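Observations on chain architecture
If you want the building blocks of each chain, they are given just below.
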Amino acid sequence: MKPRHETLGLTLDDVKGMYRKMLECRMLGERMMQLNRMGRAAFVGVADGHEGAEIGSAWCIRRGTDWVHPYYRDVGVALVLGQSMKDQFLGVFAKATDPNSAGRQIVNQFSDVEAKIVTGSVCIATQFPQAAGIALAMKMRGEDSVVFTYGGDGSTSPGDFHEAVNFAAIHHLPVVFIIENNLYAISTPNALQMSVAPHERARGYGIPGHLADGTDVLDVYDKTKRAMERARRGEGPSIVEATCYRYRPHSSDDDDSRYRSKDELKDWLARDPIDRTRAYLREHGVAESELEAMRAAIATDIERAIDEAEAEPDPRPEDLLRHVYAEGHPLPDGTRA
Ligand SMILES: Cc1ncc(C[n+]2csc(CCOP(=O)(O)OP(=O)(O)O)c2C)c(N)n1
């Protein structure tokens, strides 16, 4: 029998690549939280526990062709699409060379022209109608792009989500809605927020809804691939829900001990997406030493990334209002703004 990854059209090198990105994402998160506690990073939001959901789905994206409208948890998506670990620290340190917003926006508002990552808003769910709009434009232009848009379970409650899915379904737009369901919208549990699971909402719009095990990177890849292929065939949108658990507080400013139990965390850690991928690679003949060497290389890369990012210049006060007001327009005194 073929190994699972081969039935999905992946090579073992693909799975190793997925593992590497998952590990980068996790190790970045650990280091960012430390920097925050040391007072070197004002505010961070990390993706620990979401790696299977993010890397498995992002592996379906054709960089530079497909459009991506992520949300603030998607460090793993940004890494798969080519942002570096240094880029992440440039954002966290709010440096002038931060590729997302030159240090203007809150962290994790990913943005990349070449990778077609559209910068988001802190207002949750606002990415969805924009993603549907981009997909409509792609369809009108006859372009073969799919729009991948991401949100948490909490982002399926606001009207924006429903309007976007409804619109995309009516017009058969090439959108894949990926919902990372970590059971909580900050402190609000699923049960107080929705009466049906996010993937089941798809039925109300007449489109497919897939439930993926977000702790299994290959399952997420499989379900997202089906949604992506349907979109590419011009048949319309799908919802992919990937279940996972965020191991850390919502952000560095949150105290999750007030609304979650340690036992719940322990249950999820027992099926950690990175441990599971590591076990898969070991089963398929990858040596422990190779995986350990990968971890050591990432640890070195992270320290270099921190040093380099910290040495970058801070934004200049005179640039504060750039991209806020129009520039270059004539002023009454004849000069230009
Ligand atoms: C429109 C809007 N309402 C409320 C908030 C405050 N807020 C920020 S994150 C968040 C929870 C989002 O949870 P979820 O979508 O499940 O994503 P997660 O952070 O769990 O990955 C809320 C309510 C916001 N940013 N925007």
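Relevant structure appears above.
Here we summarise the structure given alongside this text. (Residues numbered from 1 in each chain as written. Predicted model: local features only at pLDDT ≥ 70, side-chain atom pairs only at ≥ 80, totals over all residues. Heavy atoms only, no water.)

Another point: the side chain of Gln109. Relative to the helices and strands, Gln109 resides in the loop between helix H5 (85–92) and helix H6 (127–141). The class for Gln109 is buried, based on a relative accessible area of 5%. When residues no more than four places from it in sequence are discounted, the contact partners of Gln109 are Tyr72, Asn100, Thr119, Gly120, Ser121 and Val122. (Helix = DSSP H or I, 4+ residues; strand = E, 2+ residues; numbered from the N terminus. Buried < 20%, exposed > 50% of the residue type's maximum accessible area, 1.4 Å probe, protein only. Contact = heavy atoms within 4.5 Å.)

Before going further, it helps to examine empty space enclosed by the protein. Scanning the entire structure with this criterion turns up three cavities of 30 Å³ or more. There is about 110 Å³ of room inside the largest cavity. In terms of lining, the largest cavity is formed by 16 residues, of which the most central are Pro70, Tyr71, Tyr72, Gln109 and Ser121. Its residues assigned to classes, the lining of the largest cavity shows eight nonpolar, eight polar and no charged. Counted as a void, the second largest cavity has a volume near 40 Å³. Every residue lining the second largest cavity is listed: Gly91, Asp98, Asn100, Ser101, Gln105, Ile106, Val107, Asn108 and Gln109. Taken together, the residues of the lining of the second largest cavity break down into two nonpolar, six polar and one charged. (1 Å grid on protein atoms, 1.4 Å probe; cavity = no way out; pocket = protein on both sides within 12 Å on 5 of 7 lines; lining within 4 Å. Points joined across faces, edges and corners; volume = space filled by probe spheres on them. Nonpolar A, V, L, I, M, F, W, Y, C, P; charged D, E, K, R; others polar.)

Bringing the layout of surface pockets into the picture now. If a probe the size of a water molecule is rolled over the atoms, the empty space left behind becomes visible. In this model, the largest pocket occupies a volume close to 370 Å³. Tyr72, Arg73, Ile124, Ile186 and His250 are the residues nearest the centre of the largest pocket, which is lined by 22 residues in total. Partitioning the lining of the largest pocket into residue classes produces 10 nonpolar, nine polar and three charged. Each pocket or cavity is described by its volume, and for the second largest pocket that value is around 170 Å³. Taken together, Ala96, Ala102, Gly103, Arg104, Pro315, Arg316, Pro317, Asp319, Leu320, Arg322 and His323 make up the full set of residues lining the second largest pocket. Looking at side-chain class alone, the lining of the second largest pocket contains five nonpolar, two polar and four charged residues.

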